[in-house]
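Understanding the architecture of this molecule
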Amino acid sequence: MDGGKVTLDPFQLTLNGAPVSAKTDLNLGVPGYQYDVAFTADKIPVEPLANSFSPEYRSQAKGELLASLQVKGAGTTGASLQKNLSGAFGFTFTNANIQLAGPKARKLITPIALVLD
């Protein structure tokens, strides 16, 4: 921190054995603020996350998650956002095996799939 400037670089951690990093550069000392925020996650195993947040979904999601976010701009409203905001977001699953239909839905879907097959 330096006056109105806040910088967080580097911010790194390991999540389920996968690297996660972030960077933030904020200038709160100018009207409307200026910001540059970045985030990356590389090959985070999906199964432990799914098991933690949805125990009834246990072992039904496998694969790896890759994510990235980049937002840069100035201002927080209307015209300043249209003029100064830029960003990118990426979200990818690799080697994914994700079962979205539960047992009840499968009972309905299976006969329909057999008829259509």
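The preceding data block contains the structure.
Anyway, here's the lowdown on the structure attached to this text. Computed from a prediction, not measured in an experiment: that's the story for all the values here.

1. Looking at the pairing of strand S3 (residues 34-45)
Judged from the eight bridges that link them, strand S2 (residues 18-27) and S3 form a sheet pairing that is antiparallel. Of the residues in S3, the one forming a bridge with serine 21 is threonine 40. Where S3 meets strand S4 (residues 61-74), 10 bridges bridge the pair, whose relative direction is antiparallel. Along S4, the bridge assignment pairs tyrosine 35 with glycine 73.

2. Some thoughts on the sheet that holds strand S5 (residues 86-98)
If you walk across this open sheet you meet the five strands as S1-S2-S3-S4-S5, and the pairing is antiparallel. Looking along the sheet, the strands with just one partner apiece sit at the ends: strand S1 (5-15) and S5. Between one strand and the next, the sheet's axes are offset by a mean angle of 5°, whatever the strand orientation. Where S1 and S2 come together, nine bridges link them in antiparallel fashion. Paired with valine 6 across the bridge in S2 is leucine 26. Each of S3, S4 and S5 is contacted by helix H1 (residues 46-53), which is oriented at about 90° to S4, the strand it contacts most.

3. Let's talk about H1
Residues of H1 that are buried: Val46, Ala50 and Asn51. Each buried residue of H1 sits inside an arc of 125° when the element is viewed along its axis, so together they form one side. Exposed residues pointing more than 90 degrees away from the buried face of H1 are listed as Ser52 and Phe53. Taken together, the buried residues of H1 touch S3, S4 and S5.

4. Here we look at the packing of aromatic side chains
Inspection of the entire model under this criterion finds two aromatic pairs. When the centroid spacing of 6.2 Å and the interplanar angle of 15° are considered together, the rings of phenylalanine 89 and phenylalanine 91 count as stacked. Aromatic side chains phenylalanine 91 and phenylalanine 93 sit 5.5 Å apart centroid to centroid with 85° between the ring planes, which places their arrangement in the edge-to-face category. On the basis of relative accessibility, which here comes to 49%, the residue phenylalanine 91 falls in the partly exposed class. Connected via pairs of aromatic rings, a cluster forms that spans Phe89, Phe91 and Phe93.

5. Describing the pattern of salt bridges
Scanning the entire structure with this criterion turns up one salt bridge. Residue glutamate 47 is joined to lysine 62 by a salt bridge in which the shortest nitrogen-to-oxygen separation is 3.3 Å. Of this pair, glutamate 47 sits in helix H1 while lysine 62 sits in strand S4, and the two are 15 residues apart along the sequence. Note on glutamate 47: relative accessible area 25%, which makes it partly exposed.

6. Thoughts on the nonpolar core
Listed in full, the 10 residues of the largest apolar core are Ala18, Val20, Ala41, Ile44, Val46, Ala50, Tyr57, Ala61, Leu65 and Ala67. Of all the elements in the fold, those that place two or more residues in this core are S2, S3, H1 and S4. For this core, the leading source of residues is S4, giving three residues.

Conventions we followed
- Residues numbered from 1 in each chain as written.
- Predicted model: local features only at pLDDT ≥ 70, side-chain atom pairs only at ≥ 80, totals over all residues.
- Heavy atoms only, no water.
- Pairing = 2+ DSSP bridges.
- Helix = DSSP H or I, 4+ residues; strand = E, 2+ residues; numbered from the N terminus.
- Axes fitted to C-alpha atoms, helices over the stretch in contact; angles between N-to-C directions.
- Contact = heavy atoms within 4.5 Å.
- Buried < 20%, exposed > 50% of the residue type's maximum accessible area, 1.4 Å probe, protein only.
- Arc of directions from axis to C-beta.
- Phe/Tyr/Trp six-rings, centres within 6.5 Å; stacked < 30°, edge-to-face > 60°.
- Salt bridge = Lys/Arg side-chain N within 4 Å of Asp/Glu carboxyl O.
- Core = buried A, V, L, I, M, F, W, Y, C linked by side-chain atoms within 4.5 Å.

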